[in-house]
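So the chains spell out like this:
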Amino acid sequence: MIAIVDRAYYDILRDKLNKFNINSFLSFESKILKGAVKTHPDMSLFKYDEETLIASHESFDYYNEIFKGTKINIINANEDPHEKYPSDVKFNSLRVGEHLICKKDVCADAIIKRFDDNKIINSSQGYVKCSIIDVGSEYFASDDKYLYEIIKSLGQKCILLDKGFVKIKDYDYGFIGGASGYARDKIFLTGKIINEANRIRLEEFSREINKELIYLTEYDIFDIGTLMIMEE
């Protein structure tokens, strides 16, 4: 397996992931985005399925080289995020079956065109992927009530966590999806959840869906723009 890891935290997480036979690579550093999010994978990459990633124009060559020789197909979106919100979230969307949840007016065309128009759900919350733990496209956890309601309306199993307990540099707080990754029945979190109510809720949910919850470090959980884990 290959994981794209926020280069700002690569040294902390590389060896932890290697214990699970996950080979880590540094994320692309955007020349357009600013602050902590410039190295966040989910700001330049969209995961369409287990064999397809859609990359921003500026990051395409970088990621295409990483996945060369694997079954993963990297598609060049031929457009880039802009510096300021909401145009920075062109790739920060989530596929839920046949549906796409995104901020439709700014989402990259290369993503939009892969979905039927009546299957695209416009979100007022632009940081969609950041706000949701995607457990194999089967189960979900979110710290955004609006997105939680959307996923529930699609008939998917989802739990709601409180917002504000995830740490991130340059911002007041991060998001739970940005602090997570999933592979082979394991939900990976960057660190410990100190907030007891949220920790218990997520641990109970993991047991209920028969997934193992892995805390990669002893630090307070921190947002790295998603652990983008792909099968080679």
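For clarity, every value in this text was computed on a predicted model and none was experimentally measured.

Q: So what exactly am I meant to see when it comes to the pairing of strand S1 (residues 2-5) here?
A: Consecutive residues of a regular strand have side chains that alternate between opposite faces of the sheet. Across the two faces of S1 the burial is the same, with Ile2 and Ile4 and Ala3 and Val5 all buried. Across four bridges, S1 lies against strand S2 (residues 23-26) in parallel orientation. Note on S2: the bridge partner recorded for Val5 is Leu26. Following the chain from S1 across helix H1 (residues 10-18) to the adjacent parallel S2, one finds a crossover that is right-handed. In terms of strand pairing, S1 meets strand S15 (residues 228-230) through three bridges, oriented antiparallel. Note that in S15 the partner of Ala3 across the bridge is Ile229.

Q: Just checking my understanding: could you explain the packing of aromatic side chains for this structure?
A: Remark: the centre distance and the inter-plane angle together describe each pair of aromatic rings, the angle taken between the planes. Scanning all chains against the criterion turns up nine aromatic pairs. Centroid distance Tyr48 to Phe115: 5.7 Å. Interplanar angle 65 degrees. Geometry classified as edge-to-face. Of this pair, Tyr48 sits in strand S3 (residues 45-49) while Phe115 sits in the loop between helix H3 (109-112) and strand S8 (120-122), placing them 67 residues apart in sequence. For the residue pair Tyr48 and Phe115, the accessibility class agrees, reading buried in each case. An aromatic cluster of at least three residues, connected via ring pairs, comprises Tyr85, Tyr127, Tyr173 and Phe175. Directly above the ring of Tyr48 sits Arg95, whose terminal nitrogen or CZ lies 4.2 Å from the centroid. Across from the ring centre of Tyr48, 4.8 Å away, lies the NZ or CZ of Arg114, which sits over that ring.

Q: Would you mind showing me how to read the pattern of salt bridges here?
A: A side chain of one charge can pair with a side chain of the opposite charge if their charged atoms are brought near each other. Counted according to the given criterion, the structure contains 16 salt bridges. Between Arg199 and Glu203 there is a salt bridge whose closest N-O contact spans 3.4 Å. A residue pair is termed a helical-turn pair when its members lie 3 or 4 positions apart in one helix, as Arg199 and Glu203 do in helix H5 (residues 196-208) at four residues. With a relative accessible area of 25%, Arg199 lands in the partly exposed category. When salt bridges that share partners are traced, they join Glu196, Arg199 and Glu203 into one network.

How each quantity is defined
Residues numbered from 1 in each chain as written. Predicted model: local features only at pLDDT ≥ 70, side-chain atom pairs only at ≥ 80, totals over all residues. Heavy atoms only, no water. Buried < 20%, exposed > 50% of the residue type's maximum accessible area, 1.4 Å probe, protein only. Helix = DSSP H or I, 4+ residues; strand = E, 2+ residues; numbered from the N terminus. Pairing = 2+ DSSP bridges. Right-handed = clockwise from strand over helix to strand, strands pointing away. Phe/Tyr/Trp six-rings, centres within 6.5 Å; stacked < 30°, edge-to-face > 60°. Lys NZ or Arg CZ within 6 Å of the ring centre and 35° of its normal. Salt bridge = Lys/Arg side-chain N within 4 Å of Asp/Glu carboxyl O.

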